[in-house]
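# Working through the structure, step by step
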Amino acid sequence: MLDNLVKLREQFKQELEAVEIREELESIRIRFIGKKGLVTSELKNLKNLSGDMKKQAGKEVNILKNDIEQSIIAYQKIIADKEYLAEIEKSEKYDFTIPSRSNMGSLHPITIIQKEIEDIFKTMGFIVEDGLEVQTEYNNFEAVNIPSDHPAREMQDTYYLDNGQLLKTHTSAAQNAIMKKYGAPEPGKPLRVLFPGRCFRNENLDASHENTFFQLEGMMIGEDISISNLIYFMKVLLSEVFKTDVKVRLRPGFFPFVEPGFELDINCLICGGDGCSTCKHTGWLELLPCGMIHPNVLELGGINPDKYTGFAFGLGLTRLAMMKYEIKDIRLFNSGNLKQLKQFTI
Ligand code: FA5
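Residues numbered from 1 in each chain as written. Predicted model: local features only at pLDDT ≥ 70, side-chain atom pairs only at ≥ 80, totals over all residues. Heavy atoms only, no water.

Below, the discussion takes up the domain arrangement of the chain. Think of interface size as the accessible area that goes away when the parts come together; that is how it is often given. According to the domain assignment, the chain contains domain 1 (2-90) and domain 2 (109-341). Taking only C-alpha atoms into account, the centre of domain 1 sits 34 Å from that of domain 2. (Domains from an automatic or database assignment.)

Listed below in structure tokens is the structure:
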């Protein structure tokens, strides 16, 4: 069987390289890992083996299946990009290569800082995922260990749609889908994912609270991930973003989806810690809640909590932008005030 798996891997590689269009990719997917696919049949054949052979072949066939799934996901993106470019080329209306005659537009400060953080984490092996803005109640709450009768639900009131779905209150709503998408990490290759996104809460607005704001979440799952890893990544993040030593404090924090949980606060850079309306006169701004992923959350994501551990953090991206650019009032970001917003363009 092991020889056959090697041949299947080679055959898949050759066929994948020849793929041009979406339909061909789908037919390869079905041929290899569909219900009656070549790899799926090997999985079924495992029952005919015994002892060590069964164990080794089982491991190899699962690795192959996983690799094929990952390659197909990567190719889907390549094909989508190709289709998009072809669409643009077909269009006779616009020539995107002609320089603009008027205002070139500019990046929003949140976009600038988001890209900056993505680049920092990409160099540390993180992949970046998109999270949906409209979510199911399950993903937003139950999947992160907040059952319907849990008091923590009251901390995050949001906007519900007629179909029962809701506008996500935090980026953590994507954790479950990401765990299911990537599955348990291979030994020595911890899952490292960053997932920024727009969040919504029914809040009383003030200088540091918006009803629509951005968070940037990160998650690392593997066999030996500990709080030391968490602290290391948070330190790299803050020192790279601020390019200077910033005072931080770590205190215990409660979130049903982490255990233990922490709040990482940053010394208010608007008032230098003296107290102002942005930091509600405390001198500190709550910025980076984090912790070790709760075993229930791993389990709901299909990852064995007895074997794997992980950390997660949910950075308040809009608040970080406030600190970095010394913007006193959060409401500026959604105000559409171009005169102000353009000052931050690079
Ligand atoms: C959460 O949303 C958790 N999901 C974060 C988390 C992820 C914890 C992973 C542990 C592990 P919290 O409600 O504290 O936690 O929000 C996270 C950050 O989002 C806050 O620190 C703050 O910076 C920002 N934030 C929250 N509400 C608002 C708001 N109304 N306006 C602007 N920023 C906000």
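From this point, things continue past the structure.
What follows concerns the site of the ligand. As a matter of local geometry, the ligand sits amid 24 residues, with H170, S172, R201, E203 and E210 nearest to it. Between E203 and the ligand, the recorded distance is 2.8 Å, taken from a side-chain N or O atom to a nitrogen atom. One of the backbone nitrogen or oxygen atoms of E210 is found 2.9 Å away from a nitrogen atom of the ligand. Within the complex, 96% of the 670 Å² of free accessible area of the ligand lies under protein. Residue classes in the shell around the ligand are distributed as 10 nonpolar, 8 polar and 6 charged. (Near = heavy atom within 4 Å. Polar contact = N/O pair within 3.5 Å; in protein donor to acceptor, adjacent residues only side chain to side chain. Areas by Shrake-Rupley, 256 points an atom, 1.4 Å probe, with all protein chains shown as cover. Nonpolar A, V, L, I, M, F, W, Y, C, P; charged D, E, K, R; others polar.)

Further remarks concern the state of the cysteines. The full count for this structure, using the stated rule, is 0 disulfides. Free of any disulfide, C199 has its nearest cysteine sulfur in C290, 16 Å distant. Looking at C279, it has no disulfide partner, and the nearest cysteine sulfur is the one in C271, 3.8 Å off. (Disulfide = S-S within 2.5 Å.)

The buried count for strand β9 (residues 309-316) comes to 7 of 8 residues, which makes it a mostly enclosed element. Relative to β9, strand β5 (residues 212-222) is paired through 8 bridges, and the arrangement is antiparallel. Following the sheet pairing, E217 is matched in β9 by G314. Pairing analysis gives 3 bridges linking strand β8 (residues 284-293) to β9, with the strands arranged antiparallel. Bridging across to β9, G291 finds its partner in A312. (Buried < 20%, exposed > 50% of the residue type's maximum accessible area, 1.4 Å probe, protein only. Helix = DSSP H or I, 4+ residues; strand = E, 2+ residues; numbered from the N terminus. Pairing = 2+ DSSP bridges.)

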